[in-house]
Amino acid sequence: MQAQPVSSPPQLAVRDVVVRFGGIVALDGIAFELHKGQILGLIGPNGAGKTTLFNCLSRLYTPASGDILYDGKSVLAKKAHEMPAVGIGRSFQNVALFQRMSVRDNIRVGAHANSRSDFFSDALRLPWVRRQEAEVDATVSELIEYLELGSVADLPVDGLPFGTRKRVEIARALAARPGVLLLDEPAGGLNHDEVGELGRLIQHIRDDRGVTVLLVEHHMGLVMSISDKVVVLSFGRKIAEGTPAEVQQNPDVIAAYLGGQSE
């Protein structure tokens, strides 16, 4: 699918977000918009504030001021475990899977993020619980096929190649059917060929499943090759925003990465 024109309401909006840790300002008035169908790359040198912003978006941190809107509604009153139901899914820089569980069961955990069952309903196996379980099974099976995980579906995650575990984590995030997928350093630890495959996968997820993507990544080749828009942070401030070509030519970005001074 193609991204909606920027004149349409944003799917995700970050409004003047400020985060402080004691006397340190980690984010200083960060603002940008992400429209449906876009892939947005969020980049910056180490310590720029990328992970802090990601943790605000997934409600692990609460800003000191500013707001975060999903489909026009603030998410700041939500808790982290409620975000999949809101429509925001996330992967983690350090793969956060249940290592002794199978690939299939890890993905099932993601699918259950939006379930509404309870102990008594499950114990009684009420008809709506059985229907819900059938839907979960169908979702899990479809994602296993989509992400080519069939050969390892019933193996424990522990011991699988790192690239495979990355795909399992993406599958688990997709199982909750997010409108926006937050990917935190998905290329970390991957080799050149795996990074290329990852880039194609992210584009397919956007195109096939209508998922908007916000990507935090140090791998500049990946970011610049698949992003519709790039936002650059440095020392907690936004220093650039635009297309990959525009950002690559921005003197402030060049200075931030090379350690020089922009004119």
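Anything mentioned here points back to the structure above.
Values in this document were obtained by computation on a predicted structure and should not be read as measured data. (Residues numbered from 1 in each chain as written. Predicted model: local features only at pLDDT ≥ 70, side-chain atom pairs only at ≥ 80, totals over all residues. Heavy atoms only, no water.)

### Here we look at the packing of aromatic side chains
In plain terms, the rule: Stacked, edge-to-face and tilted labels apply to pairs of Phe, Tyr and Trp rings (six-membered ring for Trp) whose centres lie within 6.5 Å, assigned for plane angles under 30 degrees, over 60, and everything in between, in that order. Each helix corresponds to a stretch of at least 4 residues labelled H or I by DSSP, and each strand to a stretch of at least 2 residues labelled E; elements are numbered beginning at the N terminus. Think of it as a cone above the ring: NZ of Lys or CZ of Arg counts as a charge over the ring if it is within 6 Å of the ring centre and within 35 degrees of the ring normal.
Counted under the stated rule, the structure contains 1 aromatic pair. The interplanar angle of 75 degrees and the centroid separation of 5.5 Å between the aromatic rings of F21 and Y61 together place this pair among those described as edge-to-face. With F21 in strand β1 (residues 12-21) and Y61 in the loop between α1 (50-57) and β4 (65-70), the pair connects residues that are 40 residues apart, well separated along the chain. Between R209 and the ring centre of Y146, over which it is positioned, the NZ or CZ distance is 4.6 Å.

### Considering the side chain of K166
Short version of the rule: Buried residues are those whose accessible area, probed at 1.4 Å on protein chains only, stays under 20% of the maximum for their type, while exposed residues exceed 50% and partly exposed ones sit between those limits. The charge count includes Lys and Arg as positive and Asp and Glu as negative, but it does not include His or the ends of the chains. The rule for a salt bridge is simple: a side-chain nitrogen of Lys or Arg has to be within 4 Å of a carboxyl oxygen of Asp or Glu.
Relative to the assigned elements, K166 resides in helix α6 (residues 162-175). Here K166 occupies a buried position and makes no salt bridge, while the nearest side chain of opposite charge, E169, is found at 5.9 Å.

### Here we look at the pattern of salt bridges
Enumeration over the complete set of coordinates arrives at 12 salt bridges. With its nearest N and O atoms 2.9 Å apart, the salt bridge here joins E33 to R15. Of this pair, E33 sits in strand β2 (residues 24-34) while R15 is found in strand β1, placing the two residues 18 residues apart along the sequence. The exposure class of E33 is partly exposed, given its relative accessible area of 25%. Taking the relative accessible area as the measure of exposure, R15 reaches 33% and is therefore partly exposed. Each of D105, R108 and D137 takes part in a single network of salt bridges with overlapping partners.

### Some details on the environment of L57
We apply this condition: Note on definitions: a residue-residue contact is assigned when non-hydrogen atoms from the two residues lie within 4.5 Å.
Mapped onto the fold, L57 is located in helix α1. By relative accessible area, L57 is classed as buried at 0%. Considered as a pair, L57 and V75 are 18 residues apart in the sequence and their alpha carbons are 8.4 Å apart. Setting aside its immediate chain neighbours within four residues, L57 contacts L12, V14, I68, M83, I88, L182 and L214.

### Points about the packing of α6 against helix α7 (residues 192-209)
Worth spelling out the cut-off: Each axis is a line fitted through C-alpha atoms, and for a helix only the stretch in contact is used; angles between axes span 0 to 180 degrees, taken between their N-to-C directions. Any angle between 65 and 115 degrees counts as roughly perpendicular, while under 35 counts as roughly parallel, over 145 as roughly antiparallel, and the rest as oblique. Crossing chirality is assigned from the near helix's rotation relative to the far helix, an anticlockwise turn below a right angle marking it left-handed and a clockwise turn marking it right-handed.
Packing of α6 against α7 brings their axes to within 12 Å, and their N-to-C directions diverge by 15 degrees. In terms of axis orientation, α6 runs roughly parallel to α7. Regarding α6 and α7, the two cross each other, and that crossing is right-handed. Across the interface between the two elements, G163, R167, I170 and L174 of α6 pack against E194, L198, L201, I205 and R209 of α7.

### So, the sheet that holds strand β10 (residues 237-242)
Let me state the cut-off plainly: One requirement defines pairing of two strands: DSSP has to find at least two bridges between them.
The strand order across the open sheet formed by 6 strands is β6-β7-β8-β3-β9-β10, and the pairing between neighbours is mixed. This sheet does not close on itself; its edge strands, each paired only once, are β6 (88-90) and β10. Neighbour-to-neighbour, the strand axes of this sheet turn through a mean angle of 20 degrees, independent of strand direction. Two strands pair when backbone bridges link them, and strand β3 (residues 39-43) and strand β8 (residues 212-216) are joined in this way by 4 bridges, in the parallel orientation. Considered in β8, the bridge of I39 is made with V213. In the packing of α7 onto the sheet, the strands contacted are β3, β7 (180-184) and β8, and the crossing angle to β3 comes to about 140 degrees.

### Quick word on the sheet that holds β2
Taken in spatial order, the 4 strands line up as β2-β1-β4-β5 in an open sheet, and their pairing is antiparallel. For this open sheet the edge positions go to β2 and β5 (73-74), each flanked by a neighbour on one side alone. In terms of strand pairing, β4 meets β5 through 2 bridges, oriented antiparallel. Bridged to Y70 within β5 is K73.

### A look at the environment of L149
Among the secondary structure elements, L149 is positioned in the loop between α5 (127-146) and α6. Residue classification places L149 among the buried residues on the basis of a relative accessible area of 0%. Sequence separation of L149 and R104 is 45 residues, and the distance between their C-alpha atoms is 8.9 Å. Setting aside residues up to four positions removed in sequence, L149 forms contacts with V103, I107, I144, T164, R167, V168 and A171.

That's the geometry; what it means functionally is another story.
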